[in-house]
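# Architecture and fold: a report
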Amino acid sequence: MDLATRYSHAEVEARWYEHWERSGYFRSVPDEREPFTIVIPPPNVTGVLHMGHMLNNSIQDILIRKARLDGKNACWVPGTDHASIATEAKVVRWLRDEKKLRKADLTREQFLEYAYQWKEKYGGIILQQLRRLGASCDWTRTAFTMDKGYYEDCISVFVDLYRKGKLYRGLRMVNWDPEAKTVLSNEEVIYQTETSQLYHIKYPLVDQKAADSVTSGIVIATQRPETIFADVAIAVNPKDPRYQHLIGKSVRIPLINRHIPVIADEYVDMEFGTGALKITPAHDPNDYEIGQRHQLPIIDILTDDAKLNERCEYPPLIGLDRFEARKRMRGLLEAEGYLVKLEDYTTNIGRSERTHAVVEPKLSLQWFVRMSELGAPALKAVLNREVRFYPENFQNLYRNWMENLRDWCISRQLWWGQRIPAWYLRSEPLNEETHIFVATSAEEALEQARQVTENPQLTLDDLRQDEDVLDTWASSWLWPISVFDGFRKPNGEIRYYYPTSVLVTGWDIIFFWVARMIMAGYEFRGQKPFEAVYFTGMVRDKQRRKMSKSLGNSPDALKLLDDYGADGVRYGLMSSAAAGNDILFDEKLCENGRNFCNKLWNALRLIKSWHVVELPEEESIQCRNALAVEWMRAKFSQVLQSIEADFANFRLSEALLTLYSFIWGDFCSWYLEIIKPGFEKPIDRATYEATLDLFGELMVALHPFMPFITEEIWHRLRERAPGQDCIVQRYPKPSAFDPILVEQIETAKALVTRLREVRNEYHIKPREALSVWVEDSPSSRALFSRNGLAELVCKLAVLSRLERCDAEPAGTKSFLSGTEKYFVEIHQQVDYEAERAKVKQELEYQRGFLKSIEAKLANERFISSAPAAVVENERKKRADALARIQILEETLAKLPA
RNA sequence: GGGCGCAUAGCUCAGUCGGUUCAGAGCACCUGCCUUACAAGCAGGGGGUCGUAGGUUCGAAUCCUUCUGCGCCCA
């Protein structure tokens, strides 16, 4: 076989993915095996693959592939989220740019038709891209939150919650996005510190004479001077001595001269601004509360797109955008002498997560889910670890939120989404409806209406359906149930797949999504939606910024896959991704992954270049190789044990790094070097076959992490029958092994390293064979009685002889390795001065070490409190130290002065 | 204002139950090698008072408290 010295991933990856998919390996149907289920966090249908997706989906794929190799029925359900607000914004832009259409000119039906067109054409690209990464999803199950069945589930859940009294329509202060013209949930508002200006504005007292009206009055501080037209009072703290005399009096609003009262309210912070607060119930949540307490009117001066309306009573500003109006207010107030002071000010401004528009508090009639009852079981489930979080400390974040739940606003003023199944009587004015009919269909609603109104003559034309759609999260919270058709067929396959095994998601959507899925699980299924949640960190750049498209700091995911291969990228992401910790992404990590692929590839090339004969030429080679094979088997078992433990605790990066260092270090650097035949020499069949088997098992063990190259090598190692693919093998199991053997080989490795060091020190050529002796002792006899061990050392350290001796042979230099003393033949001049210094230094260290051990052992409380094994270990350490000290002392004594 | 978290080598981070010669990995750095699988490589090496000050313990990077410096979430 002729193989290139470098592994090239491009052709290999495409070929194997296609083969796996065609072979049906990703497909899952319920059977008698134990299920292992993951539902993908559905990416937005508008999404394109970015670093976060790659991390998240690599983890899911690793877990799914591992489960498959463990013989479980692995089922990974893919799909996309309709992402109402994000997608609607995209469709609106597309219509404007491509079709020269404005949303306002379309009917709801026309718009939705275009939206589906857009979705068919551009949506779901990301699912194709996930294949490049190697994601072994069951594509036949691909779901979408706007699929017909899914849509119906959302509607029936709405009706169900309404009937149970867990859903209501109410007038509340909500977050309004004036650009998207929709309400937002609290979680969709992002607060950022921004600089603005604080206007100090004087409101003149009403009973003052016109002449000095501007000089006396009350000064308030506001960031939003344009909202003074919506003011209904000025509030001061009742304890504030500065304003006692004004409480109960009236002031005039500048420019429009409307009279408003001065009231007292505890809420007012005497320290802030001037200690006097303008009350604008329509445009501030706190003011709204105060207004309610004092039964003040509400004056809403803004339109849905945040322009001043006629209710502001000041014609020059009507129709202007709020920010434009604010700008003009400065000149207007100044001109009339109302502006007392202007100061710079930093504050938290809330912006829409999607449109980045400054969010406007707005009083609005919306649908809310009552969270108190839904939250209780969901909180309990996490606290008592029925649903386990990895890492566990996300419990704290979760609890903090769950204990302060506020009702969830689930209506959105959009068209792209599940339309709210509530009907009103056309005879009642908009937003003042007294009758609400919630039903799964218009006909059902009509039936209700006829009964309630006792008017059998009502027709569908007398009803009007709510114009709003559901918040996207009010559909995706049903994901783990709905993708298995759990609402319509509660006893179907969902009984097999649910609860799912693990959810893998970023911690940033713990409230948006994770918490709500847990609530939905208990509410609609009486059961948790998943056994465990694996929280991934955020992928950040080297400056710790979250990677985002708007910052342009995210590497092109597809280019990374092109450059390093999916295996390389997966390695790079995983090697630095302990659960929950943010990762600072560096392309260098992918380079490591690519290099690892190349290493594997070259190990294959080496093995495939060997000529095989039935028996080795010499017996010494046979026992050396046999020892190497035995050692590899033992060490591999040890490694597998630790990997199983890592998987059980979702310590995936640990598992990967363990495998990496076992393969690169133990397998390539040590094992292959031990068994590698000399130039143009053959290898014996037994060793060869054992090596192929071992390499194959290593590929299965590594497969979940790096699926493509492992499949490729698996097939190149041996001829495989159809269906004998790496992806469907059984994961290797650890077996009992001899820990003493593993330890002895470690001792031998340390000796080889020490000998190489000596070589470096004396500039001895790597191929120049050396003669070495080991001082006779019970421990050295024990070590070298291991069959093949001396041969192994000779091969790796390039020795011509390794023999026992009683006395120091002439012309040698001695050194210590482990607790043994060795002599190596040296023809070069030895610098005895330096040698003495080194030995002395080592001796000093060993004596200090011994002293600390002895102090420990002399302590009775240590002997009595520490576990026996720990005490025993200390005794062994003492014995070893004593042995070493003795050898070092002898060495020092014999060194020429 | 309320809450959570972090601080370990030049950089990025592991370190599970408090106990091994346990202070580790990768990158970077230094020395020597184009050795017959791999220079995307091989062999070797230097480098950290585990942020600070206390405490608990026979024993602390690990548990508790203080301070300092960062980060995040909620309001």
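Whatever comes next refers back to the structure up there.
The paragraphs below set out a description of the structure included in this document. (Residues numbered from 1 in each chain as written. Chains lettered and ligands numbered in written order. Predicted model: local features only at pLDDT ≥ 70, side-chain atom pairs only at ≥ 80, totals over all residues. Heavy atoms only, no water.)

This brings us to the overall build of chain A. The helix and strand inventory of chain A stands at 27 helices and 31 strands. Dimensions of chain A along its principal axes, counting C-alpha atoms only, are 120 × 65 × 55 Å. Expressed as a percentage of the 897 residues in chain A, the buried residues total 54%. The long-range share in chain A, meaning contacts at least 24 apart out of those at least 6 apart in sequence, stands at 78%. In chain A, the 118 positive side-chain charges and the 130 negative ones have mean positions that sit 2 Å from each other. (Helix = DSSP H or I, 4+ residues; strand = E, 2+ residues; numbered from the N terminus. Buried < 20%, exposed > 50% of the residue type's maximum accessible area, 1.4 Å probe, protein only. Contact = heavy atoms within 4.5 Å. Lys, Arg positive; Asp, Glu negative; His and termini not counted. Charge placed at Lys NZ, Arg CZ, Asp CG, Glu CD.)

Glancing now at unusual backbone geometry. The general pattern is negative phi for most residues beyond glycine and trans for most peptide bonds. At the junction of Tyr-390 and Pro-391, the peptide bond is cis and its omega measures out at -5° in the coordinates. Tracing the backbone through its elements, the reader meets Pro-391 in the loop between strand 15 (388–390) and helix 10 (394–402). Along the chain, Tyr-498 connects to Pro-499 via a cis peptide bond; the corresponding omega equals 0°. Looking at the secondary structure, you find Pro-499 in the loop between helix 14 (494–497) and strand 22 (500–506). The phi dihedral of Asn-257 falls on the positive side, at around 60°, and the residue is not glycine.

Okay, the sheet that holds strand 9 (residues 233–236) next. Two modes of strand pairing occur in sheets, parallel and antiparallel, and in both the strands are linked by backbone hydrogen bonds. A sheet is described by the order of its strands in space; here four strands give the open sequence 10-11-9-12, paired in mixed fashion. Bordering the open sheet on either side are strand 10 (250–252) and strand 12 (276–279), each of which pairs with just one other strand. Shown here is a sheet whose adjacent strand axes are inclined to one another by a mean of 30°, direction ignored. As paired strands, strand 10 and strand 11 (residues 259–264) are joined by three bridges and run antiparallel to one another. Bridging across to strand 11, Arg-252 finds its partner in His-259. (Pairing = 2+ DSSP bridges. Axes fitted to C-alpha atoms, helices over the stretch in contact; angles between N-to-C directions.)

A separate point is the pattern of salt bridges. Scanning all chains against the criterion turns up 73 salt bridges. Note that Asp-138 is salt-bridged to Arg-141, the shortest N-O span being 3.1 Å. The burial state of Asp-138 is the same as that of Arg-141; both residues are buried. Across the pair Asp-563 and Lys-559 runs a salt bridge whose closest N-O atoms are separated by 2.8 Å. You can see Asp-563 and its partner Lys-559 sitting in helix 16 (residues 557–574), four residues apart, about one turn around the helix. Salt bridges sharing partners connect three or more residues here, namely Asp-160, Lys-164, Lys-166, Glu-373 and Glu-523. (Salt bridge = Lys/Arg side-chain N within 4 Å of Asp/Glu carboxyl O.)

So, on to the sheet that holds strand 30 (residues 812–817). Across the sheet, four strands lie side by side as 29-28-31-30; this open sheet has mixed pairing. Two strands close off the open sheet at either side, each with one partner strand: strand 29 (799–805) and strand 30. Strand-to-strand twist in this sheet, taken as the mean axis angle between neighbours without regard to direction, amounts to 25°. With six bridges connecting them, strand 30 and strand 31 (residues 820–825) associate as antiparallel partners. Paired with Leu-816 across the bridge in strand 31 is Lys-821.

Here we come to the side chain of Asp-725. Within the element layout of this structure, Asp-725 appears in the loop between helix 21 (707–717) and helix 22 (739–761). It turns out Asp-725 is buried and unbridged, and the closest side chain with the opposite charge, Arg-720, is 7.9 Å from it. Among all residues touching Asp-725, those that are not within four sequence positions of it are Trp-16, His-19, Tyr-25, Glu-711, Trp-714 and His-715.

Moving on, we get to the protein's contact with RNA strand B. For RNA strand B, the set of nearby residues contains 45 residues, the closest of which are Asn-581, Glu-654, Arg-861, Lys-877 and Arg-884. Close to the protein, within 4 Å, the atoms of RNA strand B are drawn from sugar and phosphate at a rate of 59%. Between RNA strand B and the protein, one listed contact pairs a base nitrogen with a side-chain N or O atom of Arg-594 at 3.3 Å. Mapped by element, the contributors of at least two residues to the surface near RNA strand B are helix 10, helix 17 (587–608), helix 19 (652–675), helix 22, helix 25 (832–858), helix 26 (860–865) and helix 27 (868–894). Among the elements that take part in the surface near RNA strand B, helix 17 stands out by supplying 10 residues, more than any other. Taken together, the residues that form the surface near RNA strand B break down as 13 nonpolar, 16 polar and 16 charged. (Near = heavy atom within 4 Å. Polar contact = N/O pair within 3.5 Å; in protein donor to acceptor, adjacent residues only side chain to side chain. Nonpolar A, V, L, I, M, F, W, Y, C, P; charged D, E, K, R; others polar.)

Take the packing of helix 17 against helix 21 next. Running from N to C, helix 17 and helix 21 cross one another at 0°; their axes reach a closest spacing of 11 Å. As far as their axial angle goes, helix 21 and helix 17 are roughly parallel. Of the residues in helix 21, those in contact with Cys-597, Leu-600, Trp-601, Leu-604 and Lys-608 of helix 17 are Ile-709, Glu-712, Ile-713, Arg-716 and Leu-717. Looking at the contact of helix 17 with helix 21, its residues break down into seven nonpolar, no polar and three charged. (Parallel < 35°, antiparallel > 145°, perpendicular 65-115°, else oblique.)

Take the side chain of Thr-37 next. Mapped onto the elements of the fold, Thr-37 is located in strand 1 (residues 35–39). The exposure class assigned to Thr-37 is buried, which follows from its relative accessible area of 1%. Separated by 3.3 Å, the side chain of Thr-37 and the backbone oxygen of Tyr-497 make a polar contact. Here Thr-37 is in contact with Cys-75, Phe-484, Tyr-497, Thr-500, Ser-501 and Val-502, once residues within four sequence places are set aside.

Okay, the packing of aromatic side chains next. Taken as a whole, this structure holds 37 aromatic pairs when the rule is applied. Considering the side-chain rings of Phe-229 and Tyr-314, the 5.5 Å spacing of their centres and the 10° angle between planes classify their relative orientation as stacked. Separated by 85 residues along the polypeptide, Phe-229 in the loop between strand 8 (217–222) and strand 9 and Tyr-314 in the loop between helix 7 (285–293) and helix 8 (322–336) bring together distant segments of the chain. We classify Tyr-314 as buried; its relative accessible area is 14%. (Phe/Tyr/Trp six-rings, centres within 6.5 Å; stacked < 30°, edge-to-face > 60°.)

Turning next to helix 15 (residues 510–525). Most of helix 15 is tucked away, with 14 of its 16 residues classed as buried. Once helix 15 ends, the next one or two residues include Gly-526, with phi positive near 65°.

With respect to the element layout, Lys-876 can be found in helix 27. With 489 residues separating them in the primary sequence, Lys-876 and Val-387 have C-alpha atoms 45 Å apart.

Attention now moves to the pairing of strand 2 (residues 73–77). Counting buried residues along strand 2, five of its five residues qualify, which places the element largely inside the surrounding structure. Alternating residues of strand 2 divide into Asn-73, Cys-75 and Val-77 and Ala-74 and Trp-76, and every residue in both groups is buried.

On to helix 20 (residues 685–702). A rise of 1.5 Å per residue sets the reference length of helix 20, with its 18 residues, at 26 Å; its end C-alpha atoms lie 25 Å apart and thus fit the reference within 8%. Here helix 20 lies mainly inside the structure; 13 of its 18 residues are buried. (Expected span 1.5 Å × (residues − 1).)

Here Lys-99 shows up in the loop between helix 3 (84–98) and helix 4 (108–122). Exposure remark for Lys-99: the relative accessible area of 35% places this residue in the partly exposed category. Along the primary structure Lys-99 and Ile-583 are separated by 484 residues, whereas in three dimensions their C-alpha atoms are 42 Å apart. Residues within four places of Lys-99 in sequence aside, it is in contact with Trp-94, Tyr-114 and Gln-117.

The subject of this paragraph is the packing of helix 9 (residues 371–383) against helix 15. Where helix 9 contacts helix 15, the two axes come as close as 8 Å, and the packing angle between them is 100°. Here helix 9 is positioned roughly perpendicular relative to helix 15, judged by the angle of their axes. Here Met-371, Leu-374, Gly-375, Pro-377, Ala-378, Ala-381 and Val-382 of helix 9 lie close against helix 15, whose contacting residues are Arg-516, Ile-518, Met-519, Tyr-522 and Glu-523. Each residue belonging to the contact of helix 9 with helix 15 can be placed in one class, and the counts come to nine nonpolar, one polar and two charged.

Here the focus is the state of the cysteines. The full count for this structure, using the stated rule, is zero disulfides. Considering cysteine sulfurs only, Cys-794 is the nearest to Cys-623, which forms no disulfide, with 11 Å between them. The class for Cys-623 is buried, based on a relative accessible area of 17%. (Disulfide = S-S within 2.5 Å.)

That's the geometry; what it means functionally is another story.
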